[in-house]
Amino acid sequence: MPLHPAGPTQIFTFPDVAALSQGLDTYVAKLSAEAIHRHGKFTVAISGGSLPKQLAAVLKHNKSVDFSNWIVYFADERCVPLDHEDSNYLLAKTELFDYVNIPQENIHTIDPDLVSDPEEAAEDYISQLAKTFATKDSVRFPVFDLILLGVGPDGHTCSLFPGHALLKEATNWCAYITDSPKPPSERITLTFPVLNHAHHVAFVAAGAGKQDMLHQLLDTPGHLPAQMVKPVTGTLSWFVDDAAAAKITSTTHKGLERL
Ligand SMILES: O=C1O[C@H](COP(=O)(O)O)[C@@H](O)[C@H](O)[C@H]1O
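From a predicted model like this one, the values you see are computed outputs, not experimental measurements.

A. Layout of the overall build of the protein. What the protein contains, in helices and strands, is seven helices and 10 strands. At 17 Å, the protein has a C-alpha radius of gyration in line with the 18 Å of a compact globule built from 259 residues. Taking the principal axes of the C-alpha coordinates as reference, the protein spans close to 45 × 40 × 35 Å. Put simply, the protein has 259 residues, and 54% of those count as buried. Partitioning the contacts of the protein with sequence separation of at least 6, the portion at a separation of at least 24 is 77%. Total accessible area on the protein is roughly 11,100 Å²; 53% of this is exposed by carbon and sulfur atoms. Averaged over its 19 positive side-chain charges, the protein has a centre that lies 7 Å from the centre of its 30 negative ones.

B. Quick look at the pairing of strand β2 (residues 42-46). The element β2 is extensively covered by neighbouring structure, given that five of its five residues are classed as buried. Here β2 runs beside strand β3 (residues 70-74); their pairing, made up of five bridges, is parallel. Its bridge partner lying in β3, Ala 45 is registered against Tyr 73. Handedness of the crossover is the feature at issue here: the chain leaves β2, passes through helix α2 (residues 51-59), returns alongside β3, and the resulting connection is right-handed. Where β2 and strand β5 (residues 146-149) come together, three bridges link them in parallel fashion. Residue Ala 45 lies in a different strand from β5, and its bridge partner there is Ile 147.

C. Spotlight on unusual backbone geometry. For the bond from Pro 183 to Pro 184, the omega torsion is -10°, close enough to zero to count as cis. Examined against the element boundaries, Pro 184 turns out to sit in the loop between β6 (174-177) and β7 (187-190). Although it is not a glycine, Cys 158 adopts a positive phi angle of roughly 50°. Inspection of the secondary structure puts Cys 158 in the loop between β5 and β6. Look at Cys 158 and you get buried, because its relative accessible area is 5%.

D. Quick peek at the sheet that holds β7. Taking strand neighbours across the sheet as the criterion, the three strands line up as β4-β7-β6 in an open arrangement whose pairing is antiparallel. Edge positions in the sheet fall to β4 (76-78) and β6, since each has one partner strand and no second. Strand-to-strand twist in this sheet, taken as the mean axis angle between neighbours without regard to direction, amounts to 15°. Sitting on the sheet, helix α4 (residues 118-132) touches β6 and β7, and the angle it makes with β6 is about 165°.

E. Spatial organisation of the nonpolar core. In terms of nonpolar packing, the biggest core is built from 87 residues, with Trp 70, Phe 97, Phe 144 and Trp 238 touching the most fellow members. Looking at this core element by element, the count peaks at eight residues for helix α1 (residues 17-39). Beyond its immediate stretch of four places on either side in the chain, Phe 144 contacts Thr 43, Val 44, Ala 45, Tyr 73, Leu 129, Phe 133, Leu 190, Val 194, Ala 198, His 199 and His 200.

F. Seen up close, the packing of α2 against helix α3 (residues 88-95). Two elements in contact, α2 and α3, have axes separated by 9 Å at closest approach and are oriented at 20°. One element, α2, and the other, α3, form an angle in the roughly parallel class. Judged by the twist between their axes, the crossing of α2 over α3 is right-handed. Counted together, Pro 52, Lys 53 and Ala 56 of α2 and Leu 91, Ala 92 and Glu 95 of α3 form the full contact between these two elements.

What counts and what doesn't
- Residues numbered from 1 in each chain as written.
- Predicted model: local features only at pLDDT ≥ 70, side-chain atom pairs only at ≥ 80, totals over all residues.
- Heavy atoms only, no water.
- Helix = DSSP H or I, 4+ residues; strand = E, 2+ residues; numbered from the N terminus.
- Rg over C-alpha atoms; globule rule 2.2 N^0.38 Å.
- Buried < 20%, exposed > 50% of the residue type's maximum accessible area, 1.4 Å probe, protein only.
- Contact = heavy atoms within 4.5 Å.
- Areas by Shrake-Rupley, 256 points an atom, 1.4 Å probe, with all protein chains shown as cover.
- Lys, Arg positive; Asp, Glu negative; His and termini not counted.
- Charge placed at Lys NZ, Arg CZ, Asp CG, Glu CD.
- Pairing = 2+ DSSP bridges.
- Right-handed = clockwise from strand over helix to strand, strands pointing away.
- Axes fitted to C-alpha atoms, helices over the stretch in contact; angles between N-to-C directions.
- Core = buried A, V, L, I, M, F, W, Y, C linked by side-chain atoms within 4.5 Å.
- Parallel < 35°, antiparallel > 145°, perpendicular 65-115°, else oblique.
- Left-handed = near helix turned anticlockwise from the far one by under 90°.

Geometric descriptors of this kind do not, in isolation, establish any biological role.
Here it is, written out as structure tokens:
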């Protein structure tokens, strides 16, 4: 049974996190080069949590990547100052941005002046997205070259949590949440229509703590947030280490041979 009717899900497994980071480097470098060749830029949305470190471990040393043409957004962000320990931006900065030459103006952060007003912060983020992805009127949804997602032990992705009303958001590009079950409670997040219009979406998950959730997400039909990521025409990939993949029973693909 296909996991996602819109297209096959590719699951790439790696013996450990170091190998996973190597695979992610190969994948991201390839998509970056293709996008820059195609339209002069690489539009990417990055999640927080464990992802920035796994993403950056090898990529930050990859001199073949043209980071000067990257345009970065955050798949979700916490409503905290940019130097706060809970900031997804701060995490991505210390893990990746500090090592590579992405122009600062190409890194789209939550407006630090609006973190006390999540609704305003989400509105502002939509305006920022509109600058990159034409105007709100001329394009229905942004089409990212790549969106990199994490998944929580409850099946949440971005700041889209199980059972939350935001799962039904069908119009807005970015939404706000003031009752996140995972602290901090106030956040902004890209919405499913944006996730599902990307050219490529990749989940990254590592460690035994993700075993049960990955088994549930990938082997059992359901409507958890991570299962609602179903790119309309784009690709959906999972990058997982053996520890996280231990209970997955669907066919898995070892390494990157299918990329
Ligand atoms: O709160 C968040 O959690 C998810 C998952 O994080 P992880 O540490 O379990 O990988 C993350 O993808 C999201 O960006 C973040 O805000």
